[in-house]
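Single-letter residue listing:
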Amino acid sequence: MKLRSLLSFTSWRRSRKTLFVRMLTWFLSIIALLLSFNLLTYTFFRSTIQDEIIQNNSLNLQSAVNLYESHFTRIRTIGIGMLLDERLGAVIKTRDGSINYESASMVRNDFILSTIRDPMLFIDNIMLYLRDHAFIVDKAGTSEADDMFERYYHHPDYEFAFWQGELEGNHHFRIYPSATFQYKVFGSSSDIGRTVPILVQNVYARQMSLLFFLDQEKLIDAYVQRSGEDSFYILDGNGTKLISNGSMDAELEVGHLVVREPGHITYRKIGDDYYFFTQGSDTGLTYVSAVPTTKIAAQMTKLNVILVLILTLALLLGLAAAVYFARRLHTPVSRILAAMEGQAASPSTATHIKEFDLISDRLTRLSQDNRTMDRDLQRKNSLLQHYLLTSKLKRLYIHSEEEDRHFPAESDKPYWFVGARLLFVRMDDEAGTDIRQDRAAKVVQEFLQAYFRTLFKDATTLQVESNLLVSFLPEAEQVSPETIEEHLQELTEVFDLDHAYYLATIAARHNDAGTAPAESYQHILHMLDSRKLSDTTQLIMGDSGETEMMAEDEGSAFYTHLEQGNESELLKLVSRKLAVMEKRGASQKQVAEFARGIVYRTASSLHPEDVLRVHPASPLDAIKACYTLPQFEDFFHAFLPSALALMKERREVSDPVVQYMLDYVDEHYGAGVSLDQLADKLKMSRTYLSSYFKEKHGKTFSEHLNDVRMNKAVELLTSSDLMISEVAERVGYYSVNSFIRNFKKVKGMPPGEFRRSLL
């Protein structure tokens, strides 16, 4: 009996050393620690959960207050900005004080509708109220004030007499209680929706005021986090409810909502609800959020139940996982060891787990094999470094800032960046041009790779674009800029041998240790962009300055000659600008941008159908093939005359409707001519007439009218001594400031300065 007990004890001690028993013990210990932590967490949350719920509701209210205060401030700012805009004053004619309906239409389109279209303002309507005329301009059009508030925007609390009285007050910004307005026409009525009226007026200029009507439902949905039976109110200083999404408790009085200071959240339990309230720092409004006590109690009960369930589930899952993973880990190890035990020698070092005693011997042998493989890997390290650098440079081209942090160690040493951009001149096989260009770039890449490897052992050259090659040259020892420049000069001589097929631009930059590769790469691209006009290979070792484009007055002159069809002056202007740019050292890219600008300006004056007829090939593609000054001049001598001819052809095609409009403008440009008048005379809709004129004439009616008036103004300024105000009136401008502003926009200088320049 004693012997059997001794054998059982010995077997138990041996089983303690098995991997399964040890891992199961460790798992259970970890589960016990986690369970203790969860119990402590549960105890802590039970004591603080109510405070957390109150804190969460306070934060929700503070967020809503900040959003509402910001929104009301923005509405006030928009309203004051509108009232101070001089264009609103044009609604009332200065001569006889009557309504200017054309200006009223402009105010509706440019101010009211454009503001209402902003979805983040939640504006249902804006009314411009002309007090002395009892006249209103809103999103639907114009109306008498009494009709508006009795028929189109009716509510018993906001009738015409109410607003007349409010406009006599001294408040420049006021928010009124929300109301459901109705549309009452022909004996029937329909709800427009519940909106919040806001009055904005200039107390020093009372003839015009603005009424904003904000959609209450959208305001609450956007700014208030609602759930269940929660309620939200906004009260004014008198306790009047302005905005709400529920009914207030009968036991709640304004005296209960005493705020210590604006911005401070206070809460009180009144009746069956918790009331959180504060006061806005800008508007002085009181914001109230009501949360039923039953909801808070239900949340606490729910969270308690969830915590208990989580603890129970965690314990059960932990125990099951401990047994499962211990068996999963033990079984394969046992099988491996069983196979190894038949061949294993005695372990060199004893451990507390017999499986590890057997594995240690096998690991000794594996370590010897690993050392052999390490020596082989070291021999291949140079090739792996090359592939790694290649991958990083490719990703640097796409995500330069992200790759800085993962760039190879060579960036911590001094290195050179060399970029080569190829401008392909021609390829014999036009059908396979793209393929041949790619092959040519590949040949150049391989040549640069071999050439730089003779100077830098770890040099790498990549093709990052179809015509862009980048070489990364880490310095094993310092190389002087003079030496690099000598070698690059040799490259330019090699590239010049193939100048009939492509032109090369080479840029090089030295970088100290620690310089960000992305920064150096972007610098190389900037240097390559500074290539000058030339048909030879260029080497760039430094930065070049920028050259200004066509000045504003030159741009005005260009448009003038273009519209007048003055081919010789137009070509002289462009040739003069090209010569100036070449003299100032402009890059090929800058001259190409200038050429594209001329193309865009010319295309804007062409009829849409004529844009594709102006050049035998795409003008932008033709610009890409220009790299010398004569080539750019040849392009413009082919492009501009063709464009002018098409414009002239389009003008010579007589259209009776367009001709009538042109003649009418020539005869009445000094009066209040408008597209509406012509549409009425021609018995056509304004929208159709506008698009018809643009299609046939190549420009809008407003643009043509403005051109005629500006040309007549130039004639009067040149040939008469009339004052500026008289010139403005004769060409149809009733506002001198508007005339001066438009004249400067078209001619590049004010009319007074223009007249002095003629002396």
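Heads up: the structure comes first, above all this text.
Here we summarise the structure given alongside this text. (Residues numbered from 1 in each chain as written. Predicted model: local features only at pLDDT ≥ 70, side-chain atom pairs only at ≥ 80, totals over all residues. Heavy atoms only, no water.)

What follows deals with the overall build of the chain. Within the chain, the regular secondary structure consists of 26 helices and 17 strands. For the chain, the proportion of contacts with a sequence separation of at least 24, taken over those separated by at least 6, is 62%. Surface accessibility of the chain: about 42400 Å² in total, with carbon and sulfur atoms responsible for 53%. (Helix = DSSP H or I, 4+ residues; strand = E, 2+ residues; numbered from the N terminus. Contact = heavy atoms within 4.5 Å. Areas by Shrake-Rupley, 256 points an atom, 1.4 Å probe, with all protein chains shown as cover.)

The strand order E9-E8-E12-E11-E10 describes an open sheet built from 5 strands, whose pairing is antiparallel. Either end of the sheet is taken by a strand with one partner, and the two such strands are strand E9 (241–244) and strand E10 (266–270). Between one strand axis and the next, the sheet turns by 25° as a mean value, whatever way the strands run. Summarising the sheet, strand E8 (residues 231–235) and E9 pair through 3 bridges and their orientation is antiparallel. Pairing of Ile234 across the sheet is with Ile243, part of E9. (Pairing = 2+ DSSP bridges. Axes fitted to C-alpha atoms, helices over the stretch in contact; angles between N-to-C directions.)

Examined against the element boundaries, Val203 turns out to sit in the loop between strand E6 (188–201) and strand E7 (208–215). Linking Val203 and Gly169, residues 34 residues apart in sequence, is a C-alpha distance of 8.4 Å. Residues within four places of Val203 in sequence aside, it is in contact with Asn170, His171 and His172.

Right, let's talk about the side chain of His71 for a bit. Looking at where His71 falls in the secondary structure, it is placed in helix H2 (residues 19–84). With residues up to four places along the chain from it excluded, the contact list for His71 reads Met120, Leu121, Phe122, Leu214, Leu219 and Tyr223.

This part is about helix H25 (residues 736–747). With 12 residues, H25 extends 16 Å from end C-alpha to end C-alpha; this agrees with the ideal 16 Å at 1.5 Å per step. One or two positions beyond H25, positive phi appears at Gly748, with a value near 85°. (Expected span 1.5 Å × (residues − 1).)

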